[in-house]
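Residues per chain, in single letters:
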Amino acid sequence: MNRPDAQLRAGHVPADLIPPGTDPRSVVIVHTTPRSWTGPLVLILVATVGVCGLVYLTTVAVLSLVQVAATTAAAIKTAVPTLIGGGGLITLAVKVPKKKPSK
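Residues numbered from 1 in each chain as written. Predicted model: local features only at pLDDT ≥ 70, side-chain atom pairs only at ≥ 80, totals over all residues. Heavy atoms only, no water.

1. Some thoughts on the overall build of the chain
Across its full length, the chain carries two helices and zero strands. Residues classed as buried in the chain amount to 1% of the 103 residues present. (Helix = DSSP H or I, 4+ residues; strand = E, 2+ residues; numbered from the N terminus. Buried < 20%, exposed > 50% of the residue type's maximum accessible area, 1.4 Å probe, protein only.)

2. A few points about the environment of G11
Examined against the element boundaries, G11 turns out to sit in the loop between helix 1 (4-9) and helix 2 (38-84). G11 sits in the exposed class, given a relative accessible area of 52%.

3. Topic: a nonpolar patch on the surface
Among the surface-exposed residues, W37, L41 and I44 lie close enough to one another that they form a single nonpolar patch of about 370 Å² accessible area. Residue position: L41 is located in helix 2. Taking relative accessible area as the criterion, L41 reaches 54% and is therefore assigned exposed. (Patch = residues over 30% accessible without salt bridge, like charges linked within 9 Å, V, L, I, M, F, W, Y side chains within 5 Å. Areas by Shrake-Rupley, 256 points an atom, 1.4 Å probe, with all protein chains shown as cover. Salt bridge = Lys/Arg side-chain N within 4 Å of Asp/Glu carboxyl O.)

4. Re the pattern of salt bridges
Within the structure shown, the criterion is met by one salt bridge. R25 is the salt-bridge partner of D23, the closest N and O atoms lying 3.4 Å from each other.

Geometry only, nothing functional implied.
In structure tokens, the structure reads:
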């Protein structure tokens, strides 16, 4: 037993720890319990699963909104000519500005 804590765990009480005038047979050594890592590990695991679940749900929600937007755009695209009554005579165009000639 090289280490003092090993001596204490074995029940050997060093003489310098006993106050003067105390009967060594009446000395009680109290040991602390070893640290348990179960709580912190479970907390990390739960936090990781929670973050992954939040990312998954956010992704599903965004993809659902994109799908609804695409369906709505397709429905509007087919419904606008019918609502206007042009039967496809109206088209949308994007005007691109012309580049200025280089000198």
